[in-house]
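# Structure at a glance
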Amino acid sequence: MMTNKVILYSFFRSSASWRVRIALAFKEIKYEYRAVNLFQDGGQQNSEEYKRVNPMGQVPALIIDGHTLTQSVSIIEYLEERNPDPPLLPKDKYGRAQVRALSEIINSGIQPYQNLSVLDKVGKGKDEWAKSFIEKGYHGLETFLKQTSGKYSYGNTVTMADLFLVPQMFAAKRYKVNMEQFPTISQVYDSLIVLPAFKAADAFKQPDTPPNFQ
């Protein structure tokens, strides 16, 4: 039976979950938050119960319109088609391609190197590993944003690219990246974090945020 309830399986500091939380807030879609602790009990994402939701054992997963969606890019694209206003993609095809490219620079070119599963394999020296790949990716992203940004990543309107940038900055700060090297990224980030949807989705304000993070 199809249910109207929207359910998000999320971990407070998961960057992929964070992106989807911003999209849901931006689109003003109400949802039930179900926490999946990536560290507790050997990682709740690895439980048989959760793998019935997402066989990949990853967050986020979104139950909406009677369907279970996984992978942040696909979820955000679905939400964009389902609730086109306010939009997260430009109207012109070139603009949409540019915004998707900026999103993928982070989604495919930066964030995977700092995934929990990857860092566990790296072991000793994992912090320096993560920092080096974030810095490498940020040098490229900074160059692109100098060409595309206005107030935000692509002009003066919030787009999907911004949903990827803000969570990535949490990791950049965590691994002590010197952001003085990246003034454009920093300016865009500062413009975004004051917006209501970004505030609502912040890692420090979720139901499963530990007290020491609040």
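Residues numbered from 1 in each chain as written. Predicted model: local features only at pLDDT ≥ 70, side-chain atom pairs only at ≥ 80, totals over all residues. Heavy atoms only, no water.

## Focus: the side chain of Ser103
Quick note on the threshold: Helix and strand labels come from DSSP, where a helix needs a run of H or I of at least four residues and a strand needs a run of E of at least two; each type is numbered from the N terminus. Only heavy atoms enter the contact rule, under which two residues are in contact if any of them lie within 4.5 Å.
Residue position: Ser103 is located in helix H4 (residues 93-109). Look past the residues within four positions of Ser103 in its chain and what remains in contact with it is Met160, Ala161 and Phe164.

## Here we look at the sheet that holds strand E2 (residues 32-35)
Stated precisely, the cut-off is as follows: Strand pairing follows a simple DSSP-based rule, namely that at least 2 bridges must link the two strands. In this analysis an axis means a line fitted to C-alpha atoms, helices contributing only their contacting stretch, and an angle means the value between N-to-C directions, from 0 to 180 degrees.
Overall, mixed pairing links the four strands, which are arranged E2-E1-E3-E4 in an open sheet. Each edge of the open sheet carries a strand with a single partner, namely E2 and strand E4 (67-70). The average angle at which neighbouring strand axes cross in this sheet is 20°, direction not considered. As paired strands, strand E1 (residues 7-10) and E2 are joined by four bridges and run parallel to one another. When the sheet's bridge partners are listed, Leu8 is paired in E2 with Tyr33. Contacting E1, E2 and strand E3 (61-64), helix H1 (residues 15-26) crosses the sheet at an angle of about 150° to E1.

## Quick look at the UniProt feature "domain: GST N-terminal" (unreviewed entry) in the chain
Selection rule: UniProt positions are given in the numbering used here, feature names are shortened, and annotations may be inferred rather than shown by experiment.
With numbering aligned to this structure, UniProt lists the feature "domain: GST N-terminal" (unreviewed entry) at residues 4-87. Secondary structure content for residues 4-87 is 32% helix and 19% strand, and the end C-alpha separation is 22 Å.

## Some details on the packing of aromatic side chains
Two descriptors summarise a pair of aromatic rings, namely the distance from one centre to the other and the angle between the planes of the rings. Convention followed: Stacked, tilted and edge-to-face pairs are distinguished by plane angle, under 30 degrees for stacked and over 60 for edge-to-face with tilted covering the rest, among Phe, Tyr and Trp rings (Trp via its six-membered ring) whose centres lie within 6.5 Å. Throughout, exposure labels follow a simple rule: accessible area from a 1.4 Å probe, protein chains only, divided by the maximum for the residue type, with under 20% read as buried, over 50% as exposed, and the rest as partly exposed.
Tallying each qualifying case throughout the model produces seven aromatic pairs. Relative to Phe170, the ring of Trp18 lies with its centre 5.6 Å away and its plane at 65°, an arrangement referred to as edge-to-face. With Trp18 in helix H1 and Phe170 in helix H7 (residues 160-174), this pair connects stretches of sequence that are 152 residues apart. Grouping residues by exposure puts Trp18 and Phe170 together as buried. One aromatic cluster is present, built from ring pairs that chain together Phe11, Phe12 and Phe39.

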